[in-house]
Amino acid sequence: MAQQFLDMPNKDGYFGEYGGQIIPPELKAIMDDINASYDKVRETAAFQDELQELYADYVGRPSPIYFARRLSEKVGGAKIFFKREDLNHTGAHKINHCLGEALLAKYMGKTKVLAETGAGQHGVALAAACALVGIDCEIHMGEIDIAKEHPNVTRMKVLGCKLVPVTRGTKTLKDAVDSAFEEYVKDPVNFFYAIGSVVGPHPFPRMVRDFQSIVGIEAREQFQAKQGCLPDYLMACVGGGSNAIGLFTAFLDDENVQMIGVEPAGKGLDTPDHAATLTLGTKGGLHGFECYILQNSEGEPLPVYSIASGLDYPGVGPQHCYLKDIERVQYETIDDKECLEAFMTLSRLEGIIPALESAHAVAAAMKLAQTLPADKNILVNLSGRGDKDIDFVAEYLSL
Ligand SMILES: *Cc1c(COP(=O)(O)O)cnc(C)c1O
């Protein structure tokens, strides 16, 4: 599997010019310890067996590949297939890396796992993983998000994690990151900060990629068994980039497989209300690593926006920045309106309610399919289910 790409990042955590550890020396020592422990632990049969068993019996892996016949017929052109990460326990791909991170924290003898959450998806997956592994979990969440995301807040409480409301600043994701991070640096030797995507300082972009790569490993085998060939196109939405890199990694050496990451154009690329980091961003630093970033002239991250809160991030995983620069992956955008249309179309034609995040990839696949002949195949990563989004969409569309 894509050895040249799996050998990345280099020992300093760089994918080309992106990634690294832009952090104080005392934290660098902690991150290097996590990297070394990960290298040691991941080679052991005990860790791999435990993780593989949980993927199978707890998450329900392998997730199926589904041919969306009615959607493909309606759109016309290429066939559209879905990798059904929406069917995973807890409803999205995030459980794949949360289990890996919680297990690693346990193997390292950490006493508490910490994280921030925006819409609550990472918080729920992490709280479930920590309950299962048997380790304390503390999630920081902005007060505004707590009010908005009631079902996920309740889930986290039922799952037994400590939920810390963040009342400072914007009372949303960015301040939740600062708050969780302050708690973390109180005792980084005993605490573990579980990052929710392929972002943050080395080794997180690498570790989260490795844990998510199960998606593409399965998909490559399944698609070949089902269709007798590889897909012509892979598509996935990109916030931080974990579900996309999870699907892409196993195919990076397959020159005939084209890959497209889909960013949120929000209310339009000509407005400030989008989060199209790779499309419109410039090189900078954020949350301990170097990447493309939507920033002002002082290098501060801009307030970004997407109808899908999981895509609402001013930076992006360093490996995606590298893959864009070498032109191995193309990045496109889909706006709120196109996302909602895809959300409703998929729900009504196939009986599958996608997460608003995933609906960005579905919308891009529908656009692409129309331009292609019927013998071409598009495989979309359906990163999560849309149960969390139904009340919002019903109100927004006055259903
Ligand atoms: C969090 C989330 C995303 C965005 O995260 P990535 O790291 O970009 O994959 C996408 N889809 C769903 C369903 C999510 O919950």
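Predicted, not measured: the structure shown is a model, and the values here were computed from it.

### Topic: the sheet that holds strand 6 (residues 136–142)
- Pairing is parallel across the open sheet formed by four strands, whose spatial order is 7-6-5-8. Strand pairing shows two members of the sheet lacking a second neighbour, strand 7 (162–166) and strand 8 (191–193), which therefore form its edges. In this sheet, adjacent strand axes meet at a mean angle of 25° when their direction is disregarded.
- In terms of strand pairing, strand 5 (residues 112–116) meets strand 8 through three bridges, oriented parallel. Counterpart to Val113 in the pairing with strand 8 is Phe192.
- The strands that helix 9 (residues 173–184) touches are strand 5, strand 6, strand 7 and strand 8; relative to strand 5, the one it contacts most, it runs at about 160°.

### Here's the deal with the site of the ligand
- In the region of the ligand, 18 residues are neighbours, and Lys94, Ser197, Ser242, Asn243 and Ser383 sit closest.
- Within the side chain of His93, an N or O atom sits 3.2 Å from an oxygen atom of the ligand.
- One nitrogen or oxygen atom from the side chain of Lys94 is found 2.6 Å from an oxygen atom belonging to the ligand.
- Surface burial for the ligand is 97%, taken as the share of its 380 Å² of free accessible area covered by protein chains.
- Residues of the shell around the ligand, tallied by class, amount to five nonpolar, 11 polar and two charged.
- Here the shell around the ligand spans two domains, and each of domain 1 (2–55 + 94–209) and domain 2 (60–91 + 213–396) adds at least three residues to it.

### Considerations on the domain arrangement of the protein
- What the domain assignment reports for the protein is domain 1 (2–55 + 94–209) and domain 2 (60–91 + 213–396).
- Interface area, domain 1 with domain 2, both sides summed: about 3000 Å², of which 62% is carbon and sulfur.
- Sorting the residues of domain 1 by area buried against domain 2 places Phe5, Tyr18 and Arg209 first, and these three jointly supply 23% of that buried surface.
- Our enumeration of links across domain 1 and domain 2 arrives at one salt bridge.
- A salt bridge links Lys283 to Glu17, with the shortest nitrogen-to-oxygen separation between them at 3.1 Å.
- There are 13 residue pairs in polar contact (both at pLDDT 80 or more) connecting domain 1 and domain 2.
- At the level of elements, helix 1 (3–6), strand 1 (14–15), strand 2 (18–19), helix 3 (45–59), helix 5 (94–107), helix 6 (121–133), helix 9 and helix 10 (204–212) are the ones that each hand at least two residues to the side of domain 1 that touches domain 2.

### With respect to unusual backbone geometry
- Each neighbour pair has its own omega, and for Met8 with Pro9 the value is 0°, a cis peptide bond.
- Within the secondary structure, Pro9 sits in the loop between helix 1 and strand 1.
- Cis peptide bonds are those with omega within 30 degrees of zero, and the linkage from His202 to Pro203 qualifies with 15°.
- Along the polypeptide, Pro203 turns up in the loop between strand 8 and helix 10.

### A few points about the pattern of salt bridges
- Counted according to the given criterion, the structure contains 26 salt bridges.
- The salt bridge involving Arg61 is made with Glu218; its shortest N-O contact spans 2.8 Å. Residue Arg61 is located in the loop between helix 3 and strand 3 (65–67), and its partner Glu218 is located in helix 11 (residues 214–227); the two are separated by 157 residues in the primary sequence.
- A salt bridge links Lys337 to Glu341; the shortest N-O distance between them is 3.2 Å. Placement of the pair is Lys337 and Glu341 together in helix 15 (residues 336–350), with a separation of four residues, close to one helical turn.
- Given a relative accessible area of 44%, Glu341 falls into the partly exposed group.
- Connected through shared salt-bridge partners, Asp39, Arg42, Glu43, Arg206, Arg209 and Asp210 make up one network.

### Structural notes on a nonpolar patch on the surface
- The grouping of Phe392, Tyr396, Leu397 and Leu399 at the surface amounts to a nonpolar patch, some 410 Å² of accessible area in total.
- Mapping Tyr396 onto the fold places it in helix 17 (residues 390–396).

### A look at helix 14 (residues 318–325)
- Burial analysis of helix 14 places six of its eight residues in the buried class, which makes it a mostly covered element.
- Taken as a whole, helix 14 has its buried residues at Pro318, Gln319, His320, Cys321, Tyr322 and Leu323.

### Describing the nonpolar core
- Among the nonpolar cores identified, the biggest contains 90 residues, and Ile34, Leu126, Tyr184, Phe192 and Phe251 are the most heavily contacted of them.
- No fewer than three residues from each of domain 1 (2–55 + 94–209) and domain 2 (60–91 + 213–396) sit in this core.
- Setting aside residues up to four positions removed in sequence, Ile34 forms contacts with Leu104, Met108, Tyr184, Phe192, Pro203, Phe204 and Met207.
- With 38 residues, the next largest nonpolar core counts Leu71, Ile260, Leu346 and Ala359 among its residues.

### Brief notes about the sheet that holds strand 14 (residues 377–382)
- What the six strands build is an open sheet, ordered 3-4-14-9-10-13; its pairing is mixed. One side of each edge strand has no neighbouring strand; the edge strands of this open sheet are strand 3 and strand 13 (329–335). Recorded for the sheet is a direction-independent mean angle of 30° between the axes of neighbouring strands.
- Each of strand 3, strand 4 (79–84) and strand 14 is contacted by helix 11, which is oriented at about 135° to strand 4, the strand it contacts most.
- Against the sheet, helix 15 makes contact with strand 3, strand 4, strand 10 (258–266), strand 13 and strand 14, and its axis sits at roughly 90° relative to strand 13, the strand it touches most.

### A look at the pairing of strand 6
- Of all seven residues that make up strand 6, six are buried, and the element is covered over most of its length.
- Where strand 5 lies against strand 6, five bridges are found, and the strand directions are parallel. Directly across from Glu116, in strand 6, lies its bridge partner His140.
- Handedness of the crossover is the feature at issue here: the chain leaves strand 5, passes through helix 6, returns alongside strand 6, and the resulting connection is right-handed.
- Examined bridge by bridge, strand 6 and strand 7 share five bridges and lie parallel to one another. From the neighbouring strand, His140 faces strand 7, where its bridge partner is Val164.

Rules used throughout
- Residues numbered from 1 in each chain as written.
- Predicted model: local features only at pLDDT ≥ 70, side-chain atom pairs only at ≥ 80, totals over all residues.
- Heavy atoms only, no water.
- Pairing = 2+ DSSP bridges.
- Helix = DSSP H or I, 4+ residues; strand = E, 2+ residues; numbered from the N terminus.
- Axes fitted to C-alpha atoms, helices over the stretch in contact; angles between N-to-C directions.
- Contact = heavy atoms within 4.5 Å.
- Near = heavy atom within 4 Å.
- Polar contact = N/O pair within 3.5 Å; in protein donor to acceptor, adjacent residues only side chain to side chain.
- Areas by Shrake-Rupley, 256 points an atom, 1.4 Å probe, with all protein chains shown as cover.
- Nonpolar A, V, L, I, M, F, W, Y, C, P; charged D, E, K, R; others polar.
- Domains from an automatic or database assignment.
- Buried area = accessible area lost by both parts, 1.4 Å probe.
- Salt bridge = Lys/Arg side-chain N within 4 Å of Asp/Glu carboxyl O.
- Buried < 20%, exposed > 50% of the residue type's maximum accessible area, 1.4 Å probe, protein only.
- Patch = residues over 30% accessible without salt bridge, like charges linked within 9 Å, V, L, I, M, F, W, Y side chains within 5 Å.
- Core = buried A, V, L, I, M, F, W, Y, C linked by side-chain atoms within 4.5 Å.
- Right-handed = clockwise from strand over helix to strand, strands pointing away.

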